[in-house]
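A structural walkthrough
Spelled out from the first residue to the last, the chains are:
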Amino acid sequence: MKGILDRIEDDLYAVILVEEERLELILPANRLPTGSKVNSWFTIYAENGQLAVTLDDETSFIREKQTEELMARLRKKKKGSRFKRK
């Protein structure tokens, strides 16, 4: 399953959201892979009875580009919707 790092609380706990399962996983922040940051995507699987988390760089890259494109469209739309005062 895939999840996104939503936030790190008190520098101790990582909160990962798994949309397709409607789960919020909370695990020690020190168990995150090196290079993890808010909005990083992960592949999550069971290994020896525990959850294992690996960075999914491809999904992170794709989602980041989608967000940038959406923000650019919204900014462009906002510029074109200004009202003139009489």
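Reading the values: rules and limits
- Residues numbered from 1 in each chain as written.
- Predicted model: local features only at pLDDT ≥ 70, side-chain atom pairs only at ≥ 80, totals over all residues.
- Heavy atoms only, no water.
- Helix = DSSP H or I, 4+ residues; strand = E, 2+ residues; numbered from the N terminus.
- Rg over C-alpha atoms; globule rule 2.2 N^0.38 Å.
- Buried < 20%, exposed > 50% of the residue type's maximum accessible area, 1.4 Å probe, protein only.
- Contact = heavy atoms within 4.5 Å.
- Areas by Shrake-Rupley, 256 points an atom, 1.4 Å probe, with all protein chains shown as cover.
- Lys, Arg positive; Asp, Glu negative; His and termini not counted.
- Charge placed at Lys NZ, Arg CZ, Asp CG, Glu CD.
- Salt bridge = Lys/Arg side-chain N within 4 Å of Asp/Glu carboxyl O.
- Core = buried A, V, L, I, M, F, W, Y, C linked by side-chain atoms within 4.5 Å.
- Patch = residues over 30% accessible without salt bridge, like charges linked within 9 Å, V, L, I, M, F, W, Y side chains within 5 Å.

The helix and strand inventory of the protein chain stands at 1 helix and 5 strands. Across the protein chain, helices and strands are ordered from the amino to the carboxyl terminus as β-β-β-β-β-α. Computed over the C-alpha atoms, the radius of gyration of the protein chain is 18 Å, more than 25% above the 12 Å expected from 2.2 N^0.38 for a compact globule of 86 residues. Counting only C-alpha atoms, the protein chain reaches 70 × 30 × 25 Å along its principal axes. Taking all 86 residues of the protein chain together, the buried fraction comes to 23%. Pairs at least 24 apart in sequence give 26% of the contacts found in the protein chain among residues at least 6 apart. Taken as a whole, the protein chain presents about 7300 Å² of accessible surface, with 50% of it coming from carbon and sulfur. Each charge class in the protein chain was averaged separately, 17 positive and 15 negative side chains, and the resulting centres sit 19 Å apart.

Take unusual backbone geometry next. Of note in this structure, Arg22 is not a glycine but carries a positive phi near 55°. Backbone geometry at Asn48 places phi at a positive 55°, although glycine is not the residue there. Note that Asn48 resides in the loop between β4 (41–47) and β5 (50–55). A relative accessible area of 77% means that Asn48 is categorised as exposed.

Attention now goes to the pattern of salt bridges. Enumeration over the complete set of coordinates arrives at 5 salt bridges. Here Asp6 ties to Arg7 by a salt bridge, and the two come within 2.3 Å at their closest N and O atoms. Of the charged contacts, one joins Arg7 and Glu24 as a salt bridge, the two residues approaching to 3.8 Å between their closest N and O atoms. Here Glu24 lies in strand β3 (residues 23–28) and Arg7 lies in strand β1 (residues 2–9), a separation of 17 residues in the sequence. Salt bridges here are not isolated pairs; linked through shared partners, they connect Asp6, Arg7, Glu9 and Glu24.

Further remarks concern the nonpolar core. If you look at the biggest cluster of nonpolar residues, it comprises 10 residues: Leu5, Ala14, Ile16, Val18, Leu25, Leu27, Leu32, Phe42, Ile44 and Val53. With near-sequence residues (within four places) excluded, Val53 lies in contact with Ile16, Pro33, Phe42, Thr43 and Ile44.

Before going further, it helps to spend a moment on a nonpolar patch on the surface. Residues Met1, Leu23 and Leu51 make up a contiguous nonpolar surface patch of about 230 Å² in total accessible area. Inspection of the secondary structure assignment puts Met1 in the segment before β1. Met1 sits in the partly exposed class, given a relative accessible area of 33%.

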